[in-house]
Amino acid sequence: MEKEQTVLIIGGGLSGLLTAWRCVVQNKNLNVTIIEQSSKLGGDHTWSFNRSDICPEHQVWIEPLIAYEWPQYQVRFPKRNRVLDIPYCTTNSPTLMRCIEPYISAGRINTRLNISVSEFDANHVILTDGQTLEADCVLDARGFGANQNVFLAYQKFVGHTIQTKTPHGLQVPIIMDATVEQFGGYRFIYCLPFSETEILVEDTYYADDDELKAIDIDNRIKAYIANNLKISDYSLQRRETGVLPITLAVDKDYGTDTTDDGLSAVELGLRAGYYHAVTGYSFPEAVRSAVLVADLIKQNWPDFQKPLRHEMIFHKRDHFFEEKFLRLLNRMLFRAAKAEVRYKVLERFYGLRKGLIERFYQNRLTKLDKIRILSGKPPVPVTKALYNFDEKAFIKRERN
Ligand SMILES: Cc1cc2nc3c(=O)[nH]c(=O)nc-3n(C[C@H](O)[C@H](O)[C@H](O)COP(=O)(O)OP(=O)(O)OC[C@H]3O[C@@H](n4cnc5c(N)ncnc54)[C@H](O)[C@@H]3O)c2cc1C
C-alpha cells in the first residue's frame, strides 16, 4: 500500500476548509488535519459571489456549496436603477460543513478544535499547550493579518437577517442601494432575500478606518427596513459584522518577492492576500487556490512539498500583479474622490456593459475595459487622480 502523506492546515475557516476538502477528494492517500482555535469549524458566515466568478471547470465541484441562487440582481443609485442578468449565489457555514463532514466521519480530515497554533514552519506546528505536530506540509489559513507592505482602506458592515411575518416582496438581491444617506465615505445597503419571509439587510461603508460603530449602524438598518423595505413586523434571526481589507497599494518589492526560504508554510485565503482588492471578497480566490493546491499535490505526489511551495509563491506574486489596476481604482475612490460623491464612481461604473462588470469581479479586465472604466467625464478631480496614479509614489508618501 502506498505511504500516506499528511498536510496540516492552520485555521478552519473558508480557505482552510475548501482546501482540505478539495485535497482529500483529489488525493486518496492524503490525510489532512485542521487546527482551529475556536470551538467550531467554518464559523457562522454567509459568502456570496457571482456565478461567473467561478471558472467553468470548477462549477461542478462548487455546486453542492450553493445554498441560494438568484438569476439576476439590482443596483440602485440616485441616477441609476439597473437589473443585471448575472446569476448571484450564496453559500454559508452549514452548507460548507455538510460538504466536509463525510470526510471528517471517514477519518480523511482530522480536526483539532479549541486550540491555537503559536508557532509553525513548513513542516511543524507548535500548539499553545506545548504539543508539537509534524507534517509533510503545513498550510497557513489563519485569516487576515496586517502587513506593513500592504496599504489598506476598509469595507465595514453590519448585517441583520430578519424573519418577516408576511412576504417581504423582494425577489432578487439588491447588491448596492446607494440611494441612502452617505456618511463620510461610500455607503450602500445590501439585501439578500433568502426566502419569501427571510432577508439579510446589510449596511456597508467604504471607509479609511477600521472602526465599526455597530450600534449606530444597527439603528440605520432598522430605519431602512421600516422606511425603504416597508417592513414593520419581523424578528431578528442573526446579526453579522465584518471589516474587510480593501487594498490601495502593495509594495512592489514585497509583491514580486519569490524567494523560497524552504522554511515557511504555504499561505492561503486572506492571510495570503487572496481577496478581490475592491470588494474584499475571497470566495472565488479560495476556490481557485484550493483547486491549485490539490492539483499540485496530485501532480507531484509523493514529494509535493517543494514544488507546492514554489508554485504557491508564484501564485501569490501573480495575484498581486493582476490586482494592480484594481488597486488604482481604489486609490481613485478613496484618495481622489471627495467622500460625499464617491457613490458617483460606482454609479458610473454600473452603467457600463454587463460583460465588463462580470470581468471586473473576475479580475479579468481587458485593456479596453480598463480604458472604458477610466474614460469619460471623471467623477474625481483630475489633479487628485494624477496625484494618486503612481503606486510607488503613493507608498512613499504613505510611509513618510
Ligand atoms: C461577516 C463577513 C461576511 C463576508 N462575506 C463575504 C461574501 O459574501 N463573499 C466573499 O467572497 N467574502 C466574504 N467575506 C470575506 C472573506 O471571504 C471571509 O472573511 C472568509 O471567511 C475569509 O476566509 P479565510 O479562510 O481567509 O479566513 P477565515 O474564514 O476568517 O478563517 C480563518 C480561521 O483561522 C482561525 N485561526 C486564526 N488564527 C489561528 C491560530 N493561531 N490557530 C488556529 N486557528 C486560527 C480562525 O479562528 C478562523 O476560523 C466576508 C467576511 C466577513 C467577516
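Keep in mind the model is a prediction, meaning the values are calculated, not measured.

Reading the values: the criteria
- Residues numbered from 1 in each chain as written.
- Predicted model: local features only at pLDDT ≥ 70, side-chain atom pairs only at ≥ 80, totals over all residues.
- Helix = DSSP H or I, 4+ residues; strand = E, 2+ residues; numbered from the N terminus.
- Rg over C-alpha atoms; globule rule 2.2 N^0.38 Å.
- Buried ≥ 20, exposed ≤ 12 C-beta atoms within 10 Å, placed from the backbone.
- Domains from an automatic or database assignment.
- Nonpolar A, V, L, I, M, F, W, Y, C, P; charged D, E, K, R; others polar.
- Near = placed C-beta within 6 Å.
- Expected span 1.5 Å × (residues − 1).
- Contact = placed C-beta atoms within 7 Å.
- Axes fitted to C-alpha atoms, helices over the stretch in contact; angles between N-to-C directions.
- Parallel < 35°, antiparallel > 145°, perpendicular 65-115°, else oblique.
- Left-handed = near helix turned anticlockwise from the far one by under 90°.
- Core = buried A, V, L, I, M, F, W, Y, C linked by C-beta atoms within 7 Å.
- Pairing = 2+ DSSP bridges.

Draft legend 1. Just the overall build of the protein, in detail. Along its length, the protein carries 13 helices and 18 strands. The C-alpha radius of gyration of the protein comes to 22 Å, within 12% of the 21 Å expected for a compact globule of 400 residues. Along the three orthogonal principal directions, the C-alpha set of the protein runs to about 65 × 55 × 40 Å. The 400 residues of the protein split such that 40% are buried.

Draft legend 2. Main features of the domain arrangement of the protein. As assigned here, the protein comprises domain 1 (5-64 + 91-148 + 252-322), domain 2 (150-248) and domain 3 (326-399). Taking the mean C-alpha position of each, domain 1 and domain 3 sit 31 Å from one another. Of the residues contributing to the side of domain 1 that touches domain 3, the split by class is two nonpolar, three polar and three charged.

Draft legend 3. View of the site of the ligand. Not every one of the 32 residues close to the ligand is listed here, only the nearest: G11, G13, G143, G269 and Y281. Put simply, the parts of the chain that give the shell around the ligand at least two residues each are α1 (14-26), β3 (46-50) and β17 (234-250). The greatest single-element share of the shell around the ligand, amounting to four residues, is contributed by β3. For the shell around the ligand, the class distribution of residues is 11 nonpolar, 17 polar and four charged. No fewer than three residues from each of domain 1 (5-64 + 91-148 + 252-322) and domain 2 (150-248) sit in the shell around the ligand.

Draft legend 4. Spotlight on helix α7 (residues 305-322). Along its 18 residues, α7 runs 26 Å from first to last C-alpha, staying within 8% of the 26 Å computed at 1.5 Å per residue. Turning to α7, the residues buried within the fold contact β12 (137-140), β17, α5 (252-255), β18 (266-267) and α6 (283-299).

Draft legend 5. Broad picture of the packing of α1 against helix α3 (residues 93-105). Relative to each other, α1 and α3 sit at 45 degrees, their axes nearing to 10 Å. By the angle between their axes, α1 is oblique relative to α3. As for how α1 packs across α3, the hand of that crossing is left-handed. Across the interface between the two elements, L17, A20, W21 and V24 of α1 pack against L96, C99, I100 and Y103 of α3. By residue class, the composition of the contact of α1 with α3 is eight nonpolar, no polar and no charged.

Draft legend 6. Quick peek at the nonpolar core. In terms of nonpolar packing, the biggest core is built from 102 residues, with A20 and V138 touching the most fellow members. Once residues within four sequence positions are removed from consideration, V138 is found in contact with L8, I10, F120, D121, A122, N123, V125 and A265.

Draft legend 7. Inspection of the sheet that holds strand β7 (residues 88-92) at higher detail. Strand order in the open sheet made by the three strands is β3-β7-β4, with antiparallel pairing throughout. Every other strand in the sheet has two partners, leaving β3 and β4 (68-70) as the edge strands with one partner each. Neighbour to neighbour, the strand axes of the sheet diverge by 15 degrees on average, direction disregarded. Bridge analysis of β4 against β7 gives three bridges, and the strand direction is antiparallel. Considered in β7, the bridge of Y68 is made with T90.

Draft legend 8. View of the sheet that holds strand β15 (residues 186-195). A sheet is described by the order of its strands in space; here seven strands give the open sequence β6-β5-β14-β15-β16-β13-β17, paired in mixed fashion. Each edge of the sheet is formed by a strand with only one pairing partner; in this case those strands are β6 (80-84) and β17. Pairwise comparison of adjacent strand axes, ignoring direction, gives a mean angle of 15 degrees for this sheet. Note that strand β14 (residues 174-177) and β15 share two bridges and pair antiparallel.

Draft legend 9. How the structure looks around the environment of G355. In this fold, G355 is placed in helix α10 (residues 354-362). The exposure class assigned to G355 is exposed, which follows from the 12 C-beta atoms found within 10 Å. C-alpha separation for the pair G355 and C55, spaced 300 residues apart in sequence, amounts to 15 Å.

Draft legend 10. Geometry of the environment of G280. Considering the arrangement of structural elements, one finds G280 in the loop between β18 and α6. Spatially, the C-alpha atom of G280 lies 34 Å from that of T132, the residues being 148 residues apart in sequence. Once residues within four sequence positions are removed from consideration, G280 is found in contact with Q155, L244, P245, I246 and Y275.

Draft legend 11. How the structure looks around the pairing of strand β16 (residues 198-207). For β16, the tally of buried residues reaches nine of 10 residues, placing the bulk of the element in the interior. Pairing of β15 with β16, which is carried by nine bridges, proceeds in the antiparallel orientation. Residue L192 lies in a different strand from β16, and its bridge partner there is L200. A loop of two residues connects β15 with β16, the two strands running antiparallel in sequence.

Draft legend 12. Just the packing of α1 against α6, in detail. Running from amino to carboxyl end, α1 crosses α6 at an angle of 35 degrees, the nearest separation of the two axes being 8 Å. Handedness of the α1/α6 crossing: right-handed. Mapping the contact onto sequence places L14, S15, L18, T19, R22, C23 and Q26 in α1 and F283, A286, V287, S289, A290, V291, V293, A294, D295, I297 and K298 in α6. When grouped by side-chain class, the residues that make up the contact of α1 with α6 number 11 nonpolar, four polar and three charged.

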